[in-house]
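# Working through the structure, step by step
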Amino acid sequence: MRRSTFSPEPDCAIAQSLGVIGDGWELLIVRDLARGVDRFDQLAESLAISRKVLTERLTGLLDSEIIERSAYQDRPTRYAYRLTPRGRALLPVLVALQDWGDRWLLGDGSLTGTNDADEPPAHRIHELVGQRVPDISLPSIAGTALDVVDTGSQSTVLFGYPATGRPTPLPDGWDEIAGATGCTLENRLFAARYDEFAAKGVAIRGVSTQRTDEQEAFAKAEEIPHLLLSDLELELTAALRLPTFRAGGYERLKRVVLVIGTDRAIKAVRYPVTDIADAVDWALRTA
C-alpha cells in the first residue's frame, strides 16, 4: 500500500487530508483532469508517469471518491475520468499551491498583480495558445451560468481582471500592488469598443473572482454592455492555470486577455498586460 508507514492523526483534518491526497502524482492528476486531460493515455503522456504508477494513483483517487470514471469504448473497455464534487472542491487548493509556488519558488517573494514577460507564469500563459478551453460554465450577471466561450460568435475575447472597487471597497494597500489597479478602466475601454467587437461577430466576456452580486452592481453603475462572469470557485483559473495573487483574503486573477475560437482553441494571449488601452486595441485586431 502507498504510504504504508503514514498514520494520520485522527482528529487533524490536515493530516487526514494528506492521507488521501498527499501524494504529488495525485495532485497533478487532479490538475490535469481540471484542464480536460481525462483519458488514461493522455494522463500518462502529460505527466510522463509510468502506467503502473498512474493505475495505482487513479485507483486511490477512485476509492477516495475524488474522481469517477465512465466507459467511452468497449472491447477493450476504456474509461474517461472526471472530478467528483469532492474532487472539484480541491481546485482552490491547487490554485493556492500555484500562487505560493509562483511567488515564493519561481519569484522573489514579492506580492504582485502581474509578471515580467520572461517569468514562468508568462511562459505558462503563452503556452495556452492552441490549447482547448474545457467546457466550463460560470455564474454571470445575466442571472444564469454561461459557457466561458460564446460558441455562437466568430470568436470570444475573454479578459481576466483582479477586482473592481464598486460596490465593495478594495483591500488596503491595493494601489501599492503592481498590476492590480485599472480594472474599472479596462471594463470601460472594452465597453466603449463593444459595438466594434459586435460588428466583427466577437463576444466580450470579463471574468474575475468576485461574487456575482458585486459584478452586477458594478455593471449597472458603469452601464457595462458585456457579460461579466464570476470564477469565485476558481474552476476556470485552475483549468487554464491562470496566474493569481492573494489580497484581501481572496485569490485575484492577474490581468490577462485571451482570444478564443469557436472550436474552443485559444488563438492568442496577451500577458502581461502593461498597457490596458493597447491591449483592448490588440484584442480587436486579433479577434
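Structure's up top.
The text that follows walks through the structure, step by step, so that each part is easy to find. (Residues numbered from 1 in each chain as written. Predicted model: local features only at pLDDT ≥ 70, side-chain atom pairs only at ≥ 80, totals over all residues. Heavy atoms only, no water.)

### Quick notes on the packing of aromatic side chains
With the rule as written, the count across this model stands at four aromatic pairs. Between Phe-159 and Phe-190, the ring centres sit 4.3 Å apart and the planes meet at 15°, which makes this aromatic pair stacked. Highlighted residues: Phe-159 in strand S5 (residues 155–160) and Phe-190 in helix H8 (residues 183–192), separated in sequence by 31 residues. By relative accessible area, which is 0% here, Phe-159 ends up buried. Consider the rings of Trp-174 and Phe-245, whose centres lie 5.7 Å apart with planes at 45°: the pair is tilted. Placement of Trp-174 in the loop between S5 and H8 and of Phe-245 in strand S8 (residues 244–247) is noted, with a sequence separation of 71 residues between them. Judged by relative accessible area, Phe-245 falls into the buried class, the value being 1%. Three or more aromatic residues joined by ring pairs form one cluster here, namely Phe-159, Tyr-161, Phe-190 and Phe-197. The ring of Tyr-79 carries the charged tip of Arg-69 above its face, separated from the ring centre by 3.8 Å. (Phe/Tyr/Trp six-rings, centres within 6.5 Å; stacked < 30°, edge-to-face > 60°. Helix = DSSP H or I, 4+ residues; strand = E, 2+ residues; numbered from the N terminus. Buried < 20%, exposed > 50% of the residue type's maximum accessible area, 1.4 Å probe, protein only. Lys NZ or Arg CZ within 6 Å of the ring centre and 35° of its normal.)

### Focus: the nonpolar core
Within soluble globular proteins, side chains that are nonpolar generally end up buried alongside one another. Residues Leu-54, Leu-58 and Ile-67 are the most contacted members of the largest nonpolar core, which totals 25 residues. Counting only elements with at least two residues in this core, the list comes to helix H2 (24–34), helix H3 (40–47), helix H4 (51–63), strand S2 (78–83) and helix H6 (91–105). Ignoring any residue separated from it by four or fewer positions in sequence, one finds Leu-58 in contact with Ile-29, Phe-40, Leu-43, Ile-67 and Tyr-81. Membership of the second largest hydrophobic core comes to 24 residues, among which are Val-157, Phe-190, Ile-276 and Leu-284. (Core = buried A, V, L, I, M, F, W, Y, C linked by side-chain atoms within 4.5 Å. Contact = heavy atoms within 4.5 Å.)

### Remarks on the sheet that holds S5
The mixed open sheet is built from five strands, whose spatial order is S7-S6-S5-S10-S11. Two strands bound the open sheet, and with one partner strand each, they are strand S7 (227–230) and strand S11 (266–270). Averaged over all neighbouring strand pairs, the angle between strand axes comes to 20°, with direction disregarded. Where strand S6 (residues 202–208) meets S7, four bridges bridge the pair, whose relative direction is parallel. Each residue of the ladder has a partner; that of Gly-206, found in S7, is Leu-228. Of the strands in this sheet, S6 and S7 are in contact with helix H10 (residues 212–222), which crosses S7 at around 160°. Each of S5, strand S10 (256–261) and S11 touches helix H12 (residues 276–286); the most contacted strand, S11, lies at about 165° to it. (Pairing = 2+ DSSP bridges. Axes fitted to C-alpha atoms, helices over the stretch in contact; angles between N-to-C directions.)

### Brief notes about the packing of H2 against H3
Their axes nearest at 11 Å, the elements H2 and H3 cross at an angle of 115°. H3 is crossed by H2, and the crossing has right-handed handedness. Listed contacts from H3 to Trp-25, Leu-28, Ile-29, Arg-31, Asp-32 and Leu-33 of H2 are Leu-43, Ser-46 and Leu-47. (Left-handed = near helix turned anticlockwise from the far one by under 90°.)

### Some details on the environment of Gly-107
Position of Gly-107 among the secondary structure elements: in the loop between H6 and helix H7 (120–126). In this structure, the C-alpha to C-alpha distance between Gly-107 and Ile-136, residues 29 residues apart in sequence, is 30 Å. Setting aside chain neighbours within four positions, we find Gly-107 in contact with Gly-101 and Asp-102.

### Some remarks on unusual backbone geometry
The omega torsion of the bond from Arg-166 to Pro-167 falls at 0°, within 30 degrees of zero and hence cis. Take Pro-167: it is sitting in the loop between S5 and H8. Following Tyr-271, the chain continues to Pro-272 via a peptide bond in cis, the omega torsion being 0°. With respect to the helices and strands, the residue Pro-272 is situated in the loop between S11 and H12. We note that Glu-223 has phi near 55°; this positive angle belongs to a residue other than glycine. In this structure, Glu-223 sits in the loop between H10 and S7. In the Ramachandran plot, Arg-241 falls in the positive-phi region, its phi being about 55° despite a non-glycine side chain. With respect to the helices, strands and loops of the structure, Arg-241 is situated in the loop between helix H11 (235–240) and S8. Residue Arg-241 is classed as partly exposed on the basis of its relative accessible area, which comes to 22%.

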